[in-house]
2 protein chains.
Amino acid sequence: MDSSPRRVPLPPPRSTCAKLKTRMKETFFPDDPFRRFNGKPPGTKWLLGAQFLFPILEWAPTYSFSLLKADLVSGLTIASLAIPQASERVHITYFMLFNVYSLLAEGFNAKQGISYAGLANLPPIIGLYSSFIPPLVYAVLGSSRDLAVGPVSIASLIMGSMLRQAVSPSSSPSLFLQLAFTSTFFAGLFQAALGILRLGFIIDYLSKATLVGFMGGAAIIVSLQQLKGLLGIVHFSQQMALVPVMSSVFHETREWSWQTVIMGICFLGLLLLARHISTRKPKLFWVSAGAPLASVIISTLLVFLFQAQKHGISVIGELKRGLNSPSWDKLLFHSFYLGTTVKIGLITGIVSLAEGVAVGRTFAALKGYKVDGNKEMMAIGIMNIVGSCTSCYITTGAFSRSAVNHNAGCKTAMSNIVMSMTVMVTLLFLMPLFIYTPNVVLAAIIITAVVGLIDITAAYHIWKMDKMDFLVCICAFLGVIFISVEEGLAIAVGLSILRILLQITRPKMVIQGNIPGTDIYRNLNHYKEATRVPGFLILAVEAPINFANATYVDERISRWIEEEKEKHITFQFVILDLSAVSAIDTSGISFFMELKKTAEKEGLKLAFINPVGEVMEKLQRANGLHNLFGPEYFYLTTGEAIISLSSLSKESRQGSKGTSGISNL
Amino acid sequence: MDSSPRRVPLPPPRSTCAKLKTRMKETFFPDDPFRRFNGKPPGTKWLLGAQFLFPILEWAPTYSFSLLKADLVSGLTIASLAIPQASERVHITYFMLFNVYSLLAEGFNAKQGISYAGLANLPPIIGLYSSFIPPLVYAVLGSSRDLAVGPVSIASLIMGSMLRQAVSPSSSPSLFLQLAFTSTFFAGLFQAALGILRLGFIIDYLSKATLVGFMGGAAIIVSLQQLKGLLGIVHFSQQMALVPVMSSVFHETREWSWQTVIMGICFLGLLLLARHISTRKPKLFWVSAGAPLASVIISTLLVFLFQAQKHGISVIGELKRGLNSPSWDKLLFHSFYLGTTVKIGLITGIVSLAEGVAVGRTFAALKGYKVDGNKEMMAIGIMNIVGSCTSCYITTGAFSRSAVNHNAGCKTAMSNIVMSMTVMVTLLFLMPLFIYTPNVVLAAIIITAVVGLIDITAAYHIWKMDKMDFLVCICAFLGVIFISVEEGLAIAVGLSILRILLQITRPKMVIQGNIPGTDIYRNLNHYKEATRVPGFLILAVEAPINFANATYVDERISRWIEEEKEKHITFQFVILDLSAVSAIDTSGISFFMELKKTAEKEGLKLAFINPVGEVMEKLQRANGLHNLFGPEYFYLTTGEAIISLSSLSKESRQGSKGTSGISNL
């Protein structure tokens, strides 16, 4: 080793512009989507561009019969899931609408006259519609090969509950539906915009802890809402929080219908049993997958045979056969509702993106291909914009359905097209069969579906791993139950961000010691074998130093110096390990100026270990303005600093006072 | 060195409760205010407690004549500053009120009848009042020995402009004053609460960049507002943004009074000249300090001699002599104004705290004593609560005045008491002298004062040091000028926080190489001499891994692996330096799970360098749930990992396939 210690160099100079470019690239294009175009001839670039916009062009030209066979099987499998699921999920949002349709079937339309004329043409099963058009759009635009598209529980939950707060689905069903389409339109717009503006990282702010708590809370609220159908109550609270719902249930005990209650409990028991079987034996997944459809068929037959609709059991009533009708004329941009629909669109859009992108990434990682998050957002966004114009509500890549798709061996997005076609056949020919389906069975199906969203295992794991994450989870849960869906979500996201800010505001600082027999310096509290180096106070800061923590870091260091003095530990050197200080700002510079003052006042000599390029550069620039620290303050490693400083100190003690910079020791 | 590498141990186990306690202590009690009580007898504890609450008890018992002499000199010096400054600053807020007083003097009160009877008793120079009572309170409660207390420009600016938006000072002056007292009351309440709740770090979020931009913008707006007085315009915009003010100026050119304009320009020139002299020769600080008072005296004499008030120059009019009257009955908690006053209180409270605490800390650091930030907040808060009940508006420790206090050799808070007494004498005996003071001179004084707040040097330094901080500064500046004071501030603070969040969301990750002839591994882009280690990809993450960045870090690592492959660099090991990863959460754990999958798929072996205690602990807990990484994945230094992995790799190549864990290479 040289006798003189190595100096920390300045990083190679780069212009502000070049730095900005790198920063922008890492912020907005971390996946480097244009890499594939590099060095390709123009013709190929065009083709690659088209394939980027329409991933179907990548796989369609080489599509083979063997691929079709695989996709056909998986497509039919997910269709068999999609049909009951679609109604299951749409009910979460539109359960009230079904009651409206039964009203309609009973002549409500005739009584209300022309003001509700448009309503008569409304498609009844929005959920099935949403499993027909959006998958076709996604098959053309989406880059995932495994994502099965359709309505999902969590977005349905939010949309349903937030819409209910704005407008009553039973008193103005047409408006309710219009607002649902409009919200879906805005959701699509936000999703596409996030993708185009490369702001996809926003969905990362919905951490797993937030989503677990949120879904648990929402599931409980929706289950309680279903008590309306399960108990046959007619007058029910429009609110979504726990207290009004429960007071509704027990306030209207006169309205409970015993026939409905019995039927509900039976089917709920059956459905939960089916779920239980499938959970215990994953091979029997078809049991729980088929149970909702079976329940619908059986209950419909029962009602039909016993004419139960005349004995207090309410039924869906007549449903219109046919495909999606256009709905762009139903989009409502009236300023009175604009705020509501934009808000619902924003929240459902982000939440459903979070699910869709996460599911796409998961399966892509499993099969070893890449999904471009921002590209996916554009695909999902356009899918929802198209959906909102064709009587569909919000859709995304559904986790359960995609898992089944993957297990059934899908190869390309063609499986979505197969599913879509199967749903089309259902819409065209099988709709009249639902006339006698009792509402109570739909309530039971919804309860079974949403109860599955309460993920206690995940919450337990979060508790084991990280108490603060668990707090976020619990806040989301309680917020949703006791306040409202969006506020619960906002509290959880706010807490998560607050936690990050607190980590920055109060960064960890540790005191280091030498691990005997080595040149390694580590946290004294972590490594028991580490020992203090006499004469030195070795500190490490583990966060960027900026306006939020410069004061704290300064005070903390002063306190350490004081505490050491109180313990009568003498030292002449303070070594500050800056390895983990990834950035500083102007307040960080002020911190260094303050630190220098403090050290001079206490008669201590400072040394900085391993500052990163940016910190080095800024301190250098500060030198130009304030003449702070020369290169003799910076060392590559703690070991070198200690050797160099000890020898300096010895020199100055042995003679020639005042020649070195530390003569004041 | 041993042949087997050292393992990273788990940190000593601590309960969640103990961790929470440490975290809480570092968050809320980083200055450890109770340390002084440790191990003291109960009697001493009581005394120390009383001294903690009333720092006057610390210095009063040993107060000596020599100290008094020093404090007397400095107290009189700051009083000579305080009297013109107080009116200067109060004018910033209350300029309109002076016009009101002139109206009053002209019989406005008689016309309006009893509804304004209370107003006649209103004290005219709130600024002097605010230099009388609050310093007395601070002298008892404050822990700084150098802070000179009184109204400050920036808080006056905000309060004045925000109040003007809520209520017109010319059409309802009594309400205006009531709201000012109420806002001051709330400001004091917030300040004291922040201190008691130990949330003092909130003021750190007002970074220097924010304050520089904010003050510059506010100064320009207030200067433009003064064009009303300077040009003698009667009808003027109530708004504070640039556009309405300038349109007022040029819309009412008919109202310009040439006598006023000439007088204004002359005095403005004189005042600016005085400022310029003091800036160039700091010894002549008394020139600019005395200039406002001199201008007031000269202009008053001029008006009196030439009876100029009859020739288009408006004057202050009669001012009431006497001390502060109680104002607790003027506090207005009516729900209609509650939102406004709470908002104004919050913003002015935080901004004035930021100034007061920063000034206190600066001078404490210079003299080598400690100021307890949270304790100071309580003192300033109580001072403002008392002030709001005694006809004072918001006060805090003023930078310029404290600097003069310090330079004049103050020893204790007694200098504040001396200043307060001098102000009292002024209030009691010198008030009638202001009858003929022209408003135009006050406008000139205000312009001179606020122009000094435009700190172009500081802005230039910020630009040199940190472009992003400069952006924050410019946004605050433009936001204040074109939108409003509070929105400009909110934009700047939001941007600062966004920057921190972006740093977390897109953490820096670097690729490291070996510095030849050493065991040191550093960033390849920073250290030119560093070289790649063949067969290894050495990466370092420089931020905690959490929900906001887990996806990015994962994708970035995958991209690096891909890029290296594209460059045909072969490697079998990925080494991840976790030294700077100060914390992980549940998403961080998921990241490690994903990383393991990616590595296995690519046939790469992972190694982690120097994880901190918390990370080690959480990965250990994750092992309990998912069996992720054994201790053989963790190394203390990159060097050890490379030696150990190379030898393993050699072993597995030389023979005995499948015995070591890396047989798949």
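Residues numbered from 1 in each chain as written. Chains lettered and ligands numbered in written order. Predicted model: local features only at pLDDT ≥ 70, side-chain atom pairs only at ≥ 80, totals over all residues.

**Concerning the overall build of chain A**
If you tally the helices and strands in chain A, you get 27 helices and 8 strands. Here chain A, with 665 residues, has 51% of them falling under the buried criterion. Residue pairs at least 24 apart in sequence account for 82% of intrachain contacts in chain A once pairs closer than 6 positions are excluded. (Helix = DSSP H or I, 4+ residues; strand = E, 2+ residues; numbered from the N terminus. Buried ≥ 20, exposed ≤ 12 C-beta atoms within 10 Å, placed from the backbone. Contact = placed C-beta atoms within 7 Å.)

**A word on the sheet that holds strand E8 (residues 634-635) of chain A**
By way of backbone hydrogen bonds, the strands of a sheet pair with one another, either parallel or antiparallel. Residue and element names in this part refer to chain A. Pairing in this open sheet of 6 strands is mixed, and the strands run E4-E3-E5-E6-E7-E8 from one edge to the other. Two strands lie at the open edges of the sheet, namely strand E4 (521-523) and E8, each paired on one side alone. Pairing of strand E3 (residues 509-514) with E4 involves 3 bridges; the strand directions are antiparallel. For Gln512, the partnering residue across the bridge sits in E4 and is Asn523. (Pairing = 2+ DSSP bridges.)

**A closer look at the packing of helix H7 (residues 133-141) of chain B against helix H16 (residues 373-389) of chain B**
All names here are of chain B. The contact between H7 and H16 brings their axes to 9 Å, and the two run at 145 degrees. Pair H7 / H16 crosses with right-handed handedness. Touching Ile133, Pro134, Val137, Tyr138 and Leu141 of H7 are Ala379, Ile382, Met383, Val386 and Gly387, all from H16. Of the residues contributing to the contact of H7 with H16, the split by class is 9 nonpolar, 1 polar and no charged. (Axes fitted to C-alpha atoms, helices over the stretch in contact; angles between N-to-C directions. Left-handed = near helix turned anticlockwise from the far one by under 90°. Nonpolar A, V, L, I, M, F, W, Y, C, P; charged D, E, K, R; others polar.)

**Here we look at helix H19 (residues 414-429) of chain A**
Helix length check: H19 of chain A, at 16 residues, gives a terminal C-alpha distance of 23 Å against a target of 22 Å (1.5 Å per residue), a fit within 8%. Within H19 of chain A, burial applies to Met414, Ser415, Asn416, Val418, Met419, Ser420, Val423 and Leu427 of chain A. (Expected span 1.5 Å × (residues − 1).)

**A short note on the relation of the copies chain A and chain B**
Structural alignment of chain A on chain B gives an RMSD of 0.1 Å, achieved by rotating through 180 degrees and translating 0.0 Å along the axis. The two molecules are tied by a two-fold rotation axis, judged by turn and shift. Of every C-alpha in chain A, the one belonging to Ala580 of chain A sits nearest the axis of rotation, 2.2 Å from it. Interface overlap between copies: 100% of the residues of chain A at the interface are likewise at the interface in chain B, consistent with a symmetric, same-surface contact. (Least-squares fit on C-alpha atoms with pLDDT ≥ 70 in both.)

**Structural notes on the UniProt feature "domain: STAS" (unreviewed entry) in chain A**
On the UniProt side, "domain: STAS" (unreviewed entry) is annotated at positions that read residues 526-645 of chain A here. As annotated, residues 526-645 of chain A comprises 47% helix and 18% strand, and the C-alpha atoms at either end are separated by 26 Å. (UniProt positions renumbered as here; feature names shortened; annotations may be inferred.)

**Topic: the pairing of strand E7 (residues 605-609) of chain A**
Residue and element names in this part refer to chain A. Counting buried positions along E7 yields 4 of 5 residues, so the element is predominantly enclosed. Note: strand E6 (residues 571-577) against E7, 5 bridges, orientation parallel. Along E7, the bridge assignment pairs Phe573 with Lys605. Each parallel crossover has a hand, and the one from E6 via helix H25 (residues 586-602) to E7 is right-handed. One ladder, built from 2 bridges, connects E7 with E8; its direction is parallel. Its bridge partner lying in E8, Phe608 is registered against Phe634. With helix H26 (residues 613-626) bridging E7 and its parallel neighbour E8, the resulting β-α-β unit is right-handed. (Right-handed = clockwise from strand over helix to strand, strands pointing away.)

**With respect to the pairing of strand E5 (residues 535-541) of chain B**
Residue and element names in this part refer to chain B. Where burial is concerned, most of E5 is hidden: 6 out of the 7 residues are buried. One ladder, built from 3 bridges, connects strand E3 (residues 509-514) with E5; its direction is antiparallel. The residue bridging Met509 from the neighbouring strand is Val541, located in E5. Sheet topology note: the E5/strand E6 (residues 571-577) ladder contains 6 bridges and is parallel.

**Quick notes on H7 of chain B**
Residue and element names in this part refer to chain B. Along H7, 8 of the 9 residues are buried, which leaves the element largely enclosed by surrounding structure. By the burial criterion, the buried members of H7 are Ile133, Pro134, Pro135, Leu136, Val137, Tyr138, Ala139 and Leu141. Packing partners of the buried residues in H7 comprise helix H3 (56-59), helix H6 (126-129), strand E1 (149-150), H16 and helix H18 (414-429).

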